[in-house]
Amino acid sequence: MRRENNSPQFDYYALLFFALSFLGWLWEVMLYFWTEHRFINRGVYEGPYLPVYGMGGLLLCFLLHSLRKKPVNVFFYSAMICGVLEYLTSFFLEKRWGIRWWDYSGHFLNINGRICLLGVCAFGVGGVTLICLFLPIYEKWYPKLPAGLKMLLCVLLVLIFVADAAWCAIHPNVGYGITQNLW
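Residues numbered from 1 in each chain as written. Predicted model: local features only at pLDDT ≥ 70, side-chain atom pairs only at ≥ 80, totals over all residues. Heavy atoms only, no water.

> Mind showing me how you'd approach the environment of Val-72 here?
Structurally, Val-72 is set in helix H3 (residues 71-97). Classification of Val-72 as exposed rests on a relative accessible area of 54%. (Helix = DSSP H or I, 4+ residues; strand = E, 2+ residues; numbered from the N terminus. Buried < 20%, exposed > 50% of the residue type's maximum accessible area, 1.4 Å probe, protein only.)

Right, here's the structure in full:
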């Protein structure tokens, strides 16, 4: 979505980031509820969002938007891009806090327990869902929101996110089903 002067709209991308971060969090919470039969707030932050999903989703939107009519290509590129992003994120989090928020060591075709074939395939399916299904819906929904509401949502979400990030930089979300302490 672009303004008439073709500059990107901050609120378009901010709201998309938070929507994707929330959907990623919801996916992980449901997955763990299904396997562990209990609520587990996944991720580094306390809030209901996983920024790696938001950043990965935005990256896919920027890089793969033009491939919307080619879902097979979107699948393979999404798997590759998100696999690299997940690996690098895992590496960074472990180096920063000495904690692993996920470990695929027991999964088929894993690389250092940071990514695995099943996860990368799930990212491929997620990329196709995002680029070919969700993004067209978002692009129709977004312009219908009043400009003031968009800006208010952005300001509130960014303030909450920054406060949560500051808190979790010192006290990351850890515990059963969330992390493995490596130190």
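> Got a minute to help me understand the environment of Val-44 in this structure?
Structurally, Val-44 is set in the loop between helix H1 (10-36) and helix H2 (51-64). Each C-alpha atom, one on Val-44 and one on Ile-99, is 10 Å from the other, the two residues being 55 residues apart in sequence.

> What is the right way to look at the packing of H3 against helix H4 (residues 117-141) in this model?
Working note: a packed helix pair is described by the angle between its axes plus the distance between those axes. At a closest axis distance of 7 Å, the pairing of H3 and H4 adopts a crossing angle of 125°. It follows from the interaxial angle that H3 and H4 lie oblique. Between H3 and H4 the crossing geometry is right-handed. When H3 is examined against H4, the residues Pro-71, Val-74, Phe-75, Ser-78, Ala-79, Cys-82, Gly-83 and Glu-86 are found in contact with a partner set consisting of Val-120, Cys-121, Phe-123, Gly-124, Val-125, Gly-127, Val-128, Ile-131 and Cys-132. Of the residues in the contact of H3 with H4, the class split is 12 nonpolar, 4 polar and 1 charged. (Axes fitted to C-alpha atoms, helices over the stretch in contact; angles between N-to-C directions. Parallel < 35°, antiparallel > 145°, perpendicular 65-115°, else oblique. Left-handed = near helix turned anticlockwise from the far one by under 90°. Contact = heavy atoms within 4.5 Å. Nonpolar A, V, L, I, M, F, W, Y, C, P; charged D, E, K, R; others polar.)

> Mind showing me how you'd approach a nonpolar patch on the surface here?
A contiguous nonpolar surface patch, about 530 Å² in accessible area, is contributed by Phe-22, Leu-23, Leu-26, Trp-27, Met-30 and Leu-31. Along the chain, the position of Met-30 falls in helix H1. (Patch = residues over 30% accessible without salt bridge, like charges linked within 9 Å, V, L, I, M, F, W, Y side chains within 5 Å. Areas by Shrake-Rupley, 256 points an atom, 1.4 Å probe, with all protein chains shown as cover. Salt bridge = Lys/Arg side-chain N within 4 Å of Asp/Glu carboxyl O.)

> Just to check I follow, could you spell out unusual backbone geometry for this structure?
Generally, phi is negative for residues other than glycine and the peptide bonds are trans, each holding for most cases. At His-37, a residue that is not glycine, the phi angle is positive and equals roughly 60°. In this structure, His-37 sits in the loop between H1 and H2.

> Explain the packing of aromatic side chains here, please?
The tally for this structure, following the rule as stated, stands at 18 aromatic pairs. Aromatic ring contacts, followed pair by pair, group Tyr-12, Tyr-13, Phe-62, Phe-134, Tyr-138, Trp-141 and Tyr-142 into a single cluster. Against the face of Tyr-87 rests Arg-114, its NZ or CZ located 5.5 Å from the ring centre. Positioned above the aromatic ring of Tyr-142 is the side chain of Lys-150, whose terminal nitrogen or guanidinium carbon lies 3.8 Å from the ring centre. (Phe/Tyr/Trp six-rings, centres within 6.5 Å; stacked < 30°, edge-to-face > 60°. Lys NZ or Arg CZ within 6 Å of the ring centre and 35° of its normal.)

> So what exactly am I meant to see when it comes to the environment of His-171 here?
With respect to the helices and strands, His-171 occurs in the loop between helix H5 (147-170) and strand E2 (180-181). Its relative accessible area of 38% is what places His-171 among the partly exposed residues. Separated by 126 residues in sequence, His-171 and Tyr-45 have C-alpha atoms that sit 9.0 Å apart.

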